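Now for the letters of each chain:
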Amino acid sequence: PTTTLVLHGGSGDPPDEIKAAIAAGIANVHISTDIRAAYVKALRESLQKDEYAPYRIMKPVIEEMKKVIAFYIDLFGSAGKI
């Protein structure tokens, strides 16, 4: 049987430490807080604008989340694997 090692609380950890953890056998890194922080920050900024259309409010929010997710996909060495 195999055991999957998980790093809970990966948000905010330095990239070099995450890479070292992956090299040591970590197979799952939880980074939800970083994604949610990007969501909230971008949503607050978007809501400051004089806009009422949800698709216009949410577009920059989604783009910010995509940036964070793309960063981690690259950091984890997962690009092109899914």
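Data block above holds the structure.
One structure accompanies this document, and this report is about it. The structure presented is a predicted model; accordingly, all values stated were derived computationally and were not measured. (Residues numbered from 1 in each chain as written. Predicted model: local features only at pLDDT ≥ 70, side-chain atom pairs only at ≥ 80, totals over all residues. Heavy atoms only, no water.)

### Description of the overall build of the protein
Turning to step 1, where the next piece is worked out: In terms of helices and strands, the protein carries 3 helices and 2 strands.
Turning to step 2, where the next piece is worked out: In the protein, the order of α-helices and β-strands from amino to carboxyl end is β-α-β-α-α.
Turning to step 3, where the next piece is worked out: Here the protein has a C-alpha radius of gyration of 16 Å; the compact-globule value for 82 residues is 12 Å, and the former is much larger.
Turning to step 4, where the next piece is worked out: Principal-axis analysis of the C-alpha atoms places the extent of the protein at approximately 55 × 25 × 25 Å.
Turning to step 5, where the next piece is worked out: By residue count, 21% of the 82 residues in the protein fall in the buried class.
Turning to step 6, where the next piece is worked out: Contacts spanning at least 24 positions in sequence make up 35% of the contacts within the protein whose residues lie at least 6 apart.
Turning to step 7, where the next piece is worked out: Of the accessible surface of the protein, which amounts to about 6,200 Å², a share of 59% is contributed by carbon and sulfur atoms.
Turning to step 8, where the next piece is worked out: The average position of the 10 basic charges and that of the 10 acidic charges among the side chains of the protein differ by 5 Å. (Helix = DSSP H or I, 4+ residues; strand = E, 2+ residues; numbered from the N terminus. Rg over C-alpha atoms; globule rule 2.2 N^0.38 Å. Buried < 20%, exposed > 50% of the residue type's maximum accessible area, 1.4 Å probe, protein only. Contact = heavy atoms within 4.5 Å. Areas by Shrake-Rupley, 256 points an atom, 1.4 Å probe, with all protein chains shown as cover. Lys, Arg positive; Asp, Glu negative; His and termini not counted. Charge placed at Lys NZ, Arg CZ, Asp CG, Glu CD.)

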